[in-house]
Each structure stands twice: as C-alpha cells, then as structure tokens.
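Each chain, written out:
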Amino acid sequence: MIETALDGPVARITLDRPEAHNALDPAAMAEIADTLADWSTRDELRALVLTGRGRSFCAGAALGDMAGTDWSDNPLTRLCDALEAFPTPTIAALNGGAYGGGVELALACDFRIGTAGMRAFVPPARLGIHYEPAGIARAIDRLGSQMARRMFLLAETFDAEALHAAGFLDHLVAPEDLEPKATELAATIAALAPLAVCGMKRTIVELTRGSLDATAARARIAAAFASADHAEGLAAQRDRRPPVFTGR
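On a predicted model such as this, the values are computed, not experimentally measured, just so you know. (Residues numbered from 1 in each chain as written. Predicted model: local features only at pLDDT ≥ 70, side-chain atom pairs only at ≥ 80, totals over all residues. Heavy atoms only, no water.)

Draft legend 1. Molecular detail of the side chain of R220. Residue placement: R220 occurs in helix α10 (residues 214–225). Judged by its relative accessible area of 19%, R220 is buried. In contact with R220, not counting residues within four places along its chain, are G199, R202, T203, E206 and L212. (Helix = DSSP H or I, 4+ residues; strand = E, 2+ residues; numbered from the N terminus. Buried < 20%, exposed > 50% of the residue type's maximum accessible area, 1.4 Å probe, protein only. Contact = heavy atoms within 4.5 Å.)

Draft legend 2. Representation of the pattern of salt bridges. This model, assessed by the stated rule, comprises 20 salt bridges. In this structure, R138 and D81 form a salt bridge, with 2.9 Å as the shortest nitrogen-oxygen distance. A residue pair is termed long-range when its members are at least 10 positions apart, and R138 in helix α5 (residues 133–143) and D81 in helix α2 (residues 75–84) qualify at 57 residues. Take R138: its relative accessible area is 4%, and that puts it in the buried class. Classification of D81 by relative accessible area gives partly exposed; the value is 29%. Across the salt bridge formed by R142 and D141, the nearest N and O atoms sit 2.9 Å from each other. What makes R142 partly exposed here is its relative accessible area of 24%. In this structure, a network of salt bridges that share partners links the residues D81, E84, E104, R138, D141, R142 and R209. (Salt bridge = Lys/Arg side-chain N within 4 Å of Asp/Glu carboxyl O.)

Draft legend 3. Region of the structure containing the pairing of strand β2 (residues 10–15). Within β2, five of the six residues are buried, which leaves the element mostly enclosed by the surrounding structure. Hairpin geometry of strand β1 (residues 2–7) and β2 is characterised by an intervening segment of two residues between the two adjacent antiparallel strands and by a positive phi of about 60 degrees at G8. Inspection of the sheet shows β2 paired to strand β3 (residues 47–52) by six bridges, in the parallel sense. Counted as the bridge partner of L15 is G52 from β3. This β-α-β element, β2 to helix α1 (residues 26–39) to β3, shows right-handed connectivity. (Pairing = 2+ DSSP bridges. Right-handed = clockwise from strand over helix to strand, strands pointing away.)

Draft legend 4. Spatial organisation of the sheet that holds strand β5 (residues 90–93). Strand order in the open sheet formed by six strands is β1-β2-β3-β5-β7-β10, with mixed pairing between adjacent strands. Because the sheet does not close on itself, it has two edges, and the strands there are β1 and β10 (171–173). Within the sheet, the average angular offset between the axes of one strand and its neighbour, ignoring direction, is 20 degrees. When β1 meets β2, the two strands line up antiparallel, connected through six bridges. By the bridge assignment for β2, T4 is matched with I13. Along the sheet, helix α8 (residues 178–190) contacts β2, β3, β5, β7 (111–115) and β10; its crossing angle with β7, the most-contacted strand, is approximately 165 degrees. (Axes fitted to C-alpha atoms, helices over the stretch in contact; angles between N-to-C directions.)

Right under this line is the structure:
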C-alpha cells in the first residue's frame, strides 16, 4: 500500500489503500519506517512529501490487522517519531480526512496542507482506548493543550476551516490545488540553504522534545557560518540574484 518516489531533491511517500481509508497495518508502518531510514542518509534530498490516495489521507492504525501487537512498543508512535526526526522538512499533503493515528502522522510533519471538505477526528475515547502519551504530547506542542483536550477528551470532529483556524493546517486549498501547493512548498524549501534548514529543524525537534544538545547545536551554527552556502548567500544578496546552494 506504500508508493515511494524520488524526484531530484524531493522525496514522496503515497499511502495507497483507499478502500480502507489508507489505514496502516504493521507491514506498511515498517515499510515507511525503512524508507525513512534509507532516505535519511541521502544528502541530495531537501524535502519530503507525504500524501494519500482516495477520499482519506490516513485512518491511523488498522486495528483489525493489529492482533498480537505489543502496544508497550507502539509501532505507530515509532513511525511518527521517525517522521518527526527526518532530517529534511516534511510536508503532509492531506488529500482527504485524517482520523485517529492519521492525525498524529500529519502532526509529525513540519507542514500540513489541507483540502476543502476534509475533516479530522481522533476516536479512541469512543473505543475505550487510551491514546499514546507521545501522540498527545505532539498534539499539545502543535495545537495547544485546550485543542488537545477537545481532540482527545471530546473526540470532537473538526472541519477544514476549524483545522485551519486552529493551526493544524498551514494552508487550505481546493482539492485540485493540493498537488501544485505541495510542489510549490517543496520547491521553496529546496531552494533554501540545506545546512541551515536541516540544522534548524534538528534544533526545533530537540527543543520540543526537551532534549537539546547545546554543544551540537553550537557546532551546527558554526558549521553554517563557515559553509560555502553562507558565502553564496552573501554573494547572491550582494549581486541581487537568486542563490544556488549546494549543502556545503
């Protein structure tokens, strides 16, 4: 159910199980995690787009396929942690509704583009399930504690406009404009200095997790100042031309 593609500096993962609202079984979660691990070593990548096919973006874990799962080591949490920590910025291009763990998968991305008519809700309270603390923490960090209360304690359904107003969506577009907007955003990221962008993303992730390595962050700052990309940025500004960054 997973399609992957590399197009120059942009990587793409497409969830392709529309008949099940792109719900993820253990094999799909493992495949996405393995793909992220492989791509994380590719220096040429500048952005990652995650999207789905059909009427839904993702319905989270396919609970009917999760019999025997060791929930003390939640595979969806591990996947979302890996997506959140992916070295380059990530874009969730939400082709439709996000439900349950699909909401967390979107929140694990750096940016989210939604489509008119979509909706989102997290139903564990309706099913007698206690959601993973890591996923609740992700929602609190991105949306605030009151929005998280509405999401988890009320199992409230949010329409596209409410998701945009709450900051869940960075952009809200017509369905036919989703792909062009995702391409535009990925191109914007790809045109920026990758050492600076990836370094600052890592710092943001560590700060939100309360795990900042201050020494490593200072080393990233020094490396960016000493880079050829910094020199190129200054030269481009002086010459009034677009910079061409190489990641060095």
